[in-house]
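Structure assessment
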Amino acid sequence: MSSSKQVQKLDRVVIRFAGDSGDGMQLTGDRFTSETAALGNDLSTLPNFPAEIRAPQGTLPGVSSFQLHFADHDVLTPGDAPDVLVAMNPAALKANLADLPRGATLIVDTDEFTKRNLAKVGYAANPLDDDSLDSYHLHALGLTSITVAALADFELSRKDKERAKNMFALGLLSWLYNRPTEGTESFLHGKFAKKPEILKANLAAFHAGWAYGETTEDFAVSYEVAAAPMPPGTYRNITGNTALAYGLVAGARRAGRPLVLGAYPITPASDVLHTLSGLKAYGVTTLQAEDEIAGIGAALGASFGGAIGVTTTSGPGVALKAETIGLAVSLELPLVICDVQRGGPSTGLPTKTEQSDLLLAMFGRNGEAPVPIVAPRSPADCFDAAIEAVRIATTYRTPVFLLSDGYLANGSEPWRVPTMADLPDITVELTTEPNATVGDEPDGEPRFLPYERDPETLARPWAVPGTPGLEHRIGGIEKADRTGDISYDPANHDRMVRLRQAKVDGIARTAPATWVDDRPGPDGARADVLVLGWGSTYGPISAAVRAVRARGGLVAQAHLRHLNPFPSDLGDVLRRYRRVLVPEMNLGQLSMLLRARYLVDVQALTQVRGLPFTTHELVEAIAAQAELVDAADPTHGTHEAPHQPDERPADLTPAGPAAPEEEAL
């Protein structure tokens, strides 16, 4: 479709769709995002929805929203505040209006602004009829009634016709921002192939929305955002959970082993189970267990049988899996525990994001039970982090925590699909023959020692049950070094505990050096402030660092993928700077670990609101540390500073050659 109206070019836009949890805002946002990705814009998304399956209609707790930031340059965050808010009812308006800057565009469905709906959210008067919205570009449209009128010839109930209003809104916004329509049309054909009347109605509503934008006088111009420059390759839009699932499969394939997932559905990790269940052709077996304990038990059993055992969960599930994780530590078998973190404690905020499971992953087991921890920094990076988790698990024969979170899991961004040649070779060989002899004579009787360790990795052999001559004990009781016999000997227990710790500590030798982005100023001056992050804080921190630098501030940035063990050079990196600021979506868990380990006065910047940091709040905090007063201007940080051509890419690069996982993106 094309438009005859004036087209204005923009470099970036942030749009938020908001409505009742039954209004299809997630679907609308997802379709708009897919079309945006097809145009070649860089983008980042933030879905935000209630935990209840069907929250009370028209109430504030029932509001669901989807925010998309797209631009003609590289994008790091979903944006602090929307330039456009589409509010489908009074609740959506009230819940989101405070985030809308003055002068922004506001599109509302007037049909939903009834006395009853207004009263549900505490509006004494209709805000569309007074002057409270005068500072916005308000478009008050009867989206529901226009949709129903557009579907007058369809033999559907009024309720079914009203359900198509999200498609009308999608068509209108697609016209307004010159998005293509073919992808959505194809999607609707696939979704409603067995319901031809519903298919025709949704297509008609979608086209009616486009036509309304084209013909109404309410919108004088449409907007265009050019494609962002990106390295050549095949791209697709991907969510963190999907990328994580693909990374697990790619890692298993590179290791030459089948993948078995044992999982119990839990928000926000369930989509990993859903995605993997559709990949059976790639050597994947999925088991939806009756509870969290059964899920990890099945995964660990699969590892004993020679597969890559994986279990997915969130914080409450990790608590239930703790004993079996300890068993995996004792048995020294490869196992990947994917913890997609959410707000806690207990049930907490199931659909909101948090980084509060770091200490749980580090210490949440009885006894000395060290477990490596890897954390992705973006939705696309979940793919590479998952491969790294499989590499560590199989190379060192250990369970590994993969710490994602709700923001990464549900958010999306463009991902350059790697080739197999881009991926690391992590092939692992199973033990099939005895590895020792009885006595000291070379021609003695062959014998299998299940805890005879590799001298470099300290990993024990991986021998599957049923292999002749390789029978050995398993179970949670302490084993004797080398022989694997049950042992209560104090000296042996001390040795085994220290060996397991040394094995995990040794992972630092094969992990990349700490990634540090420290650019000198024009006069060659170096930064004395370091902003250090982990996990999903990468995007907001990077955007804030860019903004501070654009205003003349000197600040360095580092980001950690490996949280246990820390990179071997991290202590030296921290000591280079006078001040170290660590933003976290918890109450300072990484800061606590860094202070204890390196005796460095790390400053924690924390929040636990169930939402990611905004660029603006990080700019203010960084500017205060860097003593840069002008960068802390209250208007600063709302929008990201665009990526400059002479800068390094948005992804952090090490001081030396590019790391292999960066090349795969």
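In case you missed it, the structure is sitting above this.
Residues numbered from 1 in each chain as written. Predicted model: local features only at pLDDT ≥ 70, side-chain atom pairs only at ≥ 80, totals over all residues. Heavy atoms only, no water.

A few points about the nonpolar core
Counting 86 residues, the largest nonpolar core has L248, L276 and L594 as its most contacted members. When residues in this core are grouped by element, the largest group, 10 residues, is from helix α14 (residues 381-396). The contact partners of L276, leaving out residues within four places of it in the chain, are A245, L248, V249, L259, L261, V284 and T286. Counting residues in hydrophobic clusters, the runner-up holds 38 residues, among them F32, F66, A164 and L172. (Core = buried A, V, L, I, M, F, W, Y, C linked by side-chain atoms within 4.5 Å. Buried < 20%, exposed > 50% of the residue type's maximum accessible area, 1.4 Å probe, protein only. Helix = DSSP H or I, 4+ residues; strand = E, 2+ residues; numbered from the N terminus. Contact = heavy atoms within 4.5 Å.)

Observations regarding empty space enclosed by the protein
For the structure shown, the criterion picks out 4 cavities of 30 Å³ or more. The volume enclosed by the largest cavity comes to roughly 160 Å³. In terms of lining, the largest cavity is formed by 13 residues, of which the most central are W515, H559, L560, R561 and H562. Split into classes, the residues belonging to the lining of the largest cavity amount to 6 nonpolar, 3 polar and 4 charged. (1 Å grid on protein atoms, 1.4 Å probe; cavity = no way out; pocket = protein on both sides within 12 Å on 5 of 7 lines; lining within 4 Å. Points joined across faces, edges and corners; volume = space filled by probe spheres on them. Nonpolar A, V, L, I, M, F, W, Y, C, P; charged D, E, K, R; others polar.)

Some words on the pairing of strand β20 (residues 529-534)
Counting buried positions along β20 gives 6 out of 6 residues, so the element sits mostly inside the fold. Burial along β20 is two-sided: V529, V531 and G533 and L530, L532 and W534, pointing in opposite directions, are all buried. The sheet contact formed by β20 and strand β23 (residues 579-584) spans 3 bridges and is parallel. Note on β23: the bridge partner recorded for V529 is R579. Where β20 lies against strand β21 (residues 556-560), 5 bridges are found, and the strand directions are parallel. For W534, the partnering residue across the bridge sits in β21 and is L560. (Pairing = 2+ DSSP bridges.)

Examining a negative patch on the surface
Residues D129, D130, D131 and D134 make up a contiguous surface patch of negative charge. Relative to the helices and strands, D134 is located in the loop between α3 (115-120) and β7 (137-141). For D134, a relative accessible area of 57% translates into the label exposed. (Patch = residues over 30% accessible without salt bridge, like charges linked within 9 Å, V, L, I, M, F, W, Y side chains within 5 Å. Areas by Shrake-Rupley, 256 points an atom, 1.4 Å probe, with all protein chains shown as cover. Salt bridge = Lys/Arg side-chain N within 4 Å of Asp/Glu carboxyl O. Lys, Arg positive; Asp, Glu negative; His and termini not counted. Charge placed at Lys NZ, Arg CZ, Asp CG, Glu CD.)

Description of the sheet that holds strand β3 (residues 42-48)
Taken in spatial order, the 6 strands of this open sheet run β3-β4-β2-β5-β6-β7, and their pairing is mixed. With one partner strand each, in any of the chains shown, β3 and β7 form the two edges of the open sheet. The average angle at which neighbouring strand axes cross in this sheet is 10°, direction not considered. (Axes fitted to C-alpha atoms, helices over the stretch in contact; angles between N-to-C directions.)

Quick word on the packing of helix α9 (residues 240-255) against α14
Where α9 contacts α14, the two axes come as close as 7 Å, and the packing angle between them is 35°. Of the two elements, α9 crosses α14, and the hand of that crossing is right-handed. Contact with α9, carried on its side by G240, A243, L244, Y246, G247, L248, A250, G251, A252 and A255, involves C382, F383, A386, I387, V390 and T394 of α14 and no other residues of that element. Residue classes in the contact of α9 with α14 are distributed as 12 nonpolar, 4 polar and no charged. (Left-handed = near helix turned anticlockwise from the far one by under 90°.)

Let's talk about the side chain of N48
Here N48 lies in strand β3. In this structure the side chain of N48 is engaged in a polar contact, spanning 2.3 Å, whose partner is the side chain of K352. Ignoring any residue separated from it by four or fewer positions in sequence, one finds N48 in contact with Q26, V63, S64, S65, K352 and L611. (Polar contact = N/O pair within 3.5 Å; in protein donor to acceptor, adjacent residues only side chain to side chain.)

Coordinates in, geometry out; function isn't part of it.
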